[in-house]
Structures are given as structure tokens and as C-alpha cells.
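The residues making up each chain are set out below.
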Amino acid sequence: MTDQPGPPPEQLPEPAPEEERLPATRPQETMPAERFTAAPPVKAIAGLTPARSASIVRQSGSARWVGFLTVIFVSLFIVGYWFYELGAPLGLSTPRLAMEAQAQQVTDVERGYNLFEANCARCHGPSGLGPNEPDAASVGYIGPQLNDQSKLFTHLNEQYLRNVLTVGGRYVCGNPNSQMPIWSNEGNPPGPLNYRQIDELIAFLRATNDQTYEIRDNSTNEPVIDPATGKVKTFTGWRDPNYKPAPGATPFPDCYLNALTGGASASGAPAASIDPNAPVVTVTAPSGAATSGFDPTTLQATANKGFTLVFDDQDPTVQHNIVINDPSSKAVPIGDTTPFLGPKKVSYAVPALPAGTYAFMCQVHPTTMKGTLVVK
């Protein structure tokens, strides 16, 4: 077998073209509309006249001015509101919250005045003077004096008053039979006043005497007009913000009975020396004197001559004391008049008194234990 020659190279078949692969360029006629471009009428600027261009520039400038003025206005408003809330520098204005607190304080004091008059004045007196009220001899107030700077300084502080109103008189002297009732409805048993009324009552008791308040009708809250003058009735607080006790002064006693005042010392002041040659006047508090009273109820003494008052307390169940008030209801100084339990006798040196009629009473039971001292 002999080899046969193949066809010449120029007669060989051409290789098949390779298959076109993606990405492939699309023909122009198959491409969709242009994307992400504006329509031709929008892109055309032939209609943008010089006047229209100037108008656009003016509008843009006006918008910038409006934005600038808005920023200035908002900034000034924020600064003004800041000073309104927190007060202007150098004390030029009072912060809003401080003004609201002051207004609320005034409201609390005025409401507390009505609460005191309705609930507390019958025992402590309408002016808080207790046994030192001008009509104490005829009315008899069983509560101690509250309107006293030495008490209001630290003794009758807010927490102390709140505790007494919540717990009652037993908080003061530990006496479960104290005539001071529970006033707070959070006490046991609950009292008649809620927490807001307790706050208002304390606000009145702690109000300072450098501010004047209006007396308001309890039902309408309108100011009460004095028919005699045609003006609004007002009152001032009790506490003197500038009061300071004397150096070395003894703190006021916590006990209700020891805190009773009547001009005569109830804080442990020593009694005057007893003159053994002075006339003696004796008064007795028999057992059950809280109901039956003193024996006798009328005493006599010689004018302008001192005498010794012997107080014979025979009651072993309830504490009693004795004080003497002159015709102007001012207490006569006779020494330490702190209440005590019987049986016990205490002598008091009574100074020379001018002729007149004097009242004597037990400050613990002033409505039942009272009498008359006739000096002539």
C-alpha cells in the first residue's frame, strides 16, 4: 500500500468561527431608551431666558434670607426660653420654677390658715398662743403655745410637726391617753386630714412674719372682705426668720407637758426663794381633779404683799400644774410650773400683787381646773 498525497493546504477547509460569548455588545437598534437621564425637553436650555434666570437667582436669595432669619428667630427663642426657665444672669429675673414654688407656698399657707382655724384653734387658740391667749381665762385652751419664737426656731420643725400630726400626742410625751389626737389619715387610727392638708397645715405653722397673706373663703377660695373697712382680710406668719436664741440657751423640751408656757417658766427655771414668814395660801388638786377641778376655786391674798402658794397635788393618775394670770391675761412669774403627778406638794413664791382679780388654772386642764385669786 502506497501513501497518497493529501490536498494542497489552500484547499483545506477553514476552521469554524468561535461562538460569541457574553458580555456582548448589543446592536444600536436594540438598546432601550437612555436611563438615569432627563428627558430631552428638560435638558434643553433654549427656553431659559435671562429674565427667567434672574428670577431663579432672586428666589434662591430670598430663600436663603428666610432660612437665615428663621435660624436667628429660633436661636433667640431658645435663649429667651432658657432665661425664662433658669433665670437671667446676675439675678435679673427669677427662674420660672422658683416663681411657681413661691406661688404654691402662698397657696399652701393660706389654705393651712383655714385648716388651723377649723381644727387646731380650739385647743391652741386662734393666734396659737394657747394659755396666753387674751381670752384664755374664760375659754381655756388645753394645747400648748405654738406661736413662740423659741419653739419655732428649731423645736417645731417640719419633721417634728409631721410626726406629731401623724402619731398624735403620744409622740411628744409617750402618753397613750394624750388629748392631742391623730390628724393624718396615714395614722393608726386614721385621722381626718390627707397628706396635702398636712403639708398645708405645716406650711402655715412654719410661715414667716415678713410676708402678708390673704384670708380666703374655705368653700369659694375668694378673698374675705372685712365689712368694717371694705378691704381684704390678711394675716402674717408667726416665725421670725431673723430670730436667734441667746447664747447658751437651753433647747426647748420635747415633751408636750414640759413645753407648756404661760409666762411662768415651764423650762425648768429655778423658783424664787420661799420666805418662811410670808403668808401661805393653799390650793388642792384632789384625785379626779381633771373633772372636778381645784379645791377651793376662790383664793384670797393681801394686796402689795408677797405670799407662798402651796399647790397640793393629790392626783396620782394625771399630771397637773398651776399658773396665775393677771387681769390682762399676762402670766405672773412664780417659778417652775412644770406639771407633775401627785401625791406631791410644791410651794411657789408669789410676788407682791396690786389689788385686783387674778385667774389661776391648770394648763393641762384649763377648762375644768380654774379659779379666781382675789387680791385686796
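A brief structural summary. All figures in this text were calculated on a predicted structure; none of them were measured in a lab.

Thoughts on the overall build of the chain
Right, on to step 1. A count of helical and extended segments in the chain gives nine helices and nine strands.
Right, on to step 2. Here the chain, with 376 residues, has 34% of them falling under the buried criterion.
Right, on to step 3. Long-range pairs, those at least 24 residues apart, make up 61% of the contacts in the chain between residues at least 6 apart in sequence.
Right, on to step 4. Summed over all atoms, the accessible surface of the chain reaches about 23500 Å², with 57% contributed by carbon and sulfur.

What to know about the sheet that holds strand 3 (residues 280-285)
Right, on to step 1. Read across the sheet, three strands follow the order 3-5-7 without closing on themselves; strand pairing throughout is mixed. Strands at the two margins of the open sheet, each flanked by one partner only, are strand 3 and strand 7 (344-350). Strand-to-strand, the axes of this sheet are offset by a mean angle of 20 degrees, without reference to chain direction.
Right, on to step 2. Inspection of the sheet shows strand 3 paired to strand 5 (residues 307-313) by six bridges, in the parallel sense. In the strand pairing of strand 5, Thr282 is matched with Val310.

Notes on the packing of aromatic side chains
Right, on to step 1. Applying the stated rule across the entire model yields 15 aromatic pairs.
Right, on to step 2. Ring geometry for Tyr113 against Phe235: centres 4.3 Å apart, planes inclined by 15 degrees, an arrangement best described as stacked. Here Phe235 lies in strand 2 (residues 234-236) and Tyr113 lies in helix 3 (residues 96-124), a separation of 122 residues in the sequence. With respect to class, Tyr113 is no different from Phe235; both count as buried.
Right, on to step 3. Between Phe204 and Trp238 the ring centres are 5.2 Å apart and the planes differ by 65 degrees, which places this aromatic pair in the edge-to-face class. Of this pair, Phe204 sits in helix 8 (residues 195-205) while Trp238 is found in the loop between strand 2 and strand 3, placing the two residues 34 residues apart along the sequence.
Right, on to step 4. Assessed through its relative accessible area of 9%, Trp238 is described here as buried.
Right, on to step 5. Grouping aromatic residues by their ring pairs yields a cluster made of Tyr113, Phe116, Phe204, Tyr213, Phe235 and Trp238.
Right, on to step 6. Cation over ring: Lys344 sits above Phe340, and NZ or CZ is 5.2 Å from the ring centre.

A short note on helix 3
Right, on to step 1. A maximum bend of about 50 degrees is found in helix 3 at Ala118.
Right, on to step 2. All of the buried residues in helix 3 are Asp108, Val109, Glu110, Gly112, Tyr113, Asn114, Leu115, Phe116, Asn119, Cys120, Ala121 and His124.
Right, on to step 3. Buried residues belonging to helix 3 abut helix 8, strand 1 (212-214) and strand 2.
Right, on to step 4. At the exit of helix 3 stands Gly125, carrying a positive phi of roughly 90 degrees.

A closer look at the sheet that holds strand 4 (residues 298-301)
Right, on to step 1. Spatially, the four strands line up as an open sheet ordered 4-9-8-6, and their pairing is mixed. Because the sheet does not close on itself, it has two edges, and the strands there are strand 4 and strand 6 (323-325). Neighbouring strand axes in the sheet, compared pairwise and without regard to direction, differ in orientation by 30 degrees on average.
Right, on to step 2. Where strand 8 (residues 356-361) lies against strand 9 (residues 370-375), six bridges are found, and the strand directions are antiparallel.

Some thoughts on empty space enclosed by the protein
Right, on to step 1. In total, this model carries one cavity of 30 Å³ or more according to the counting rule given.
Right, on to step 2. Size it by volume and the largest cavity reaches roughly 30 Å³.
Right, on to step 3. Lining the largest cavity are Val281, Leu299, Phe307, Leu309, Ile324, Phe360 and Leu373.
Right, on to step 4. Looking at the lining of the largest cavity residue by residue, the classes come out as seven nonpolar, no polar and no charged.

Side note on helix 6 (residues 158-167)
Three or four residues apart is the spacing at which side chains of an α-helix point the same way, because the helix has 3.6 residues per turn.
Right, on to step 1. Taken together, the buried positions of helix 6 are Tyr160, Leu161, Val164 and Leu165. When helix 6 is viewed along its axis, its buried side chains cluster within an angular range of 130 degrees and face the same direction.
Right, on to step 2. Those residues of helix 6 hidden inside the fold are in contact with helix 5 (149-155), helix 7 (170-173) and helix 8.
Right, on to step 3. For helix 6, the capping residue at the N-terminal end is Asn157, with a side-chain oxygen 3.2 Å from the backbone nitrogen of Gln159.

Some thoughts on the packing of helix 3 against helix 8
Right, on to step 1. Orientation of helix 3 relative to helix 8, taken along the N-to-C sense of each, is 95 degrees, at an axis distance of 7 Å. Here helix 8 runs roughly perpendicular to helix 3, going by the angle between their axes. Across the interface between the two elements, Gln104, Gln105, Asp108, Val109, Arg111, Gly112, Tyr113, Leu115, Phe116 and Cys120 of helix 3 pack against Arg196, Gln197, Glu200, Leu201, Ala203, Phe204 and Leu205 of helix 8.

Considerations on the state of the cysteines
Right, on to step 1. Scanning the model with the defined rule gives zero disulfides in all.
Right, on to step 2. Here Cys120 stays free of any disulfide, with the sulfur of Cys123 as its closest cysteine sulfur at 8.2 Å.

So, the nonpolar core
Right, on to step 1. Ranked by internal contacts, the top residues of the largest apolar core, which has 28 residues, are Phe116, Leu201, Phe204 and Leu205.
Right, on to step 2. Taken together, the elements giving at least two residues each to this core come down to helix 3, helix 6 and helix 8.
Right, on to step 3. Dropping the residues within four chain positions of it, Leu201 is found in contact with Gly112, Leu115, Phe116, Cys120, Leu165 and Leu193.
Right, on to step 4. Within the second largest apolar cluster, 27 residues are counted, among which are Ile322, Val332, Leu353 and Val375.

Digging into the side chain of His124
Right, on to step 1. Here His124 is to be found in helix 3.
Right, on to step 2. Non-local contacts of His124, meaning those with residues more than four positions away in its chain, are made with Phe116, Leu129, Gly130, Glu133, Tyr141, Gly143, Pro144 and Leu146.

Conventions and cut-offs
- Residues numbered from 1 in each chain as written.
- Predicted model: local features only at pLDDT ≥ 70, side-chain atom pairs only at ≥ 80, totals over all residues.
- Heavy atoms only, no water.
- Helix = DSSP H or I, 4+ residues; strand = E, 2+ residues; numbered from the N terminus.
- Buried < 20%, exposed > 50% of the residue type's maximum accessible area, 1.4 Å probe, protein only.
- Contact = heavy atoms within 4.5 Å.
- Areas by Shrake-Rupley, 256 points an atom, 1.4 Å probe, with all protein chains shown as cover.
- Pairing = 2+ DSSP bridges.
- Axes fitted to C-alpha atoms, helices over the stretch in contact; angles between N-to-C directions.
- Phe/Tyr/Trp six-rings, centres within 6.5 Å; stacked < 30°, edge-to-face > 60°.
- Lys NZ or Arg CZ within 6 Å of the ring centre and 35° of its normal.
- Bend = angle between axes of the 7 residues up to and from the residue.
- 1 Å grid on protein atoms, 1.4 Å probe; cavity = no way out; pocket = protein on both sides within 12 Å on 5 of 7 lines; lining within 4 Å.
- Points joined across faces, edges and corners; volume = space filled by probe spheres on them.
- Nonpolar A, V, L, I, M, F, W, Y, C, P; charged D, E, K, R; others polar.
- Arc of directions from axis to C-beta.
- Polar contact = N/O pair within 3.5 Å; in protein donor to acceptor, adjacent residues only side chain to side chain.
- Parallel < 35°, antiparallel > 145°, perpendicular 65-115°, else oblique.
- Disulfide = S-S within 2.5 Å.
- Core = buried A, V, L, I, M, F, W, Y, C linked by side-chain atoms within 4.5 Å.

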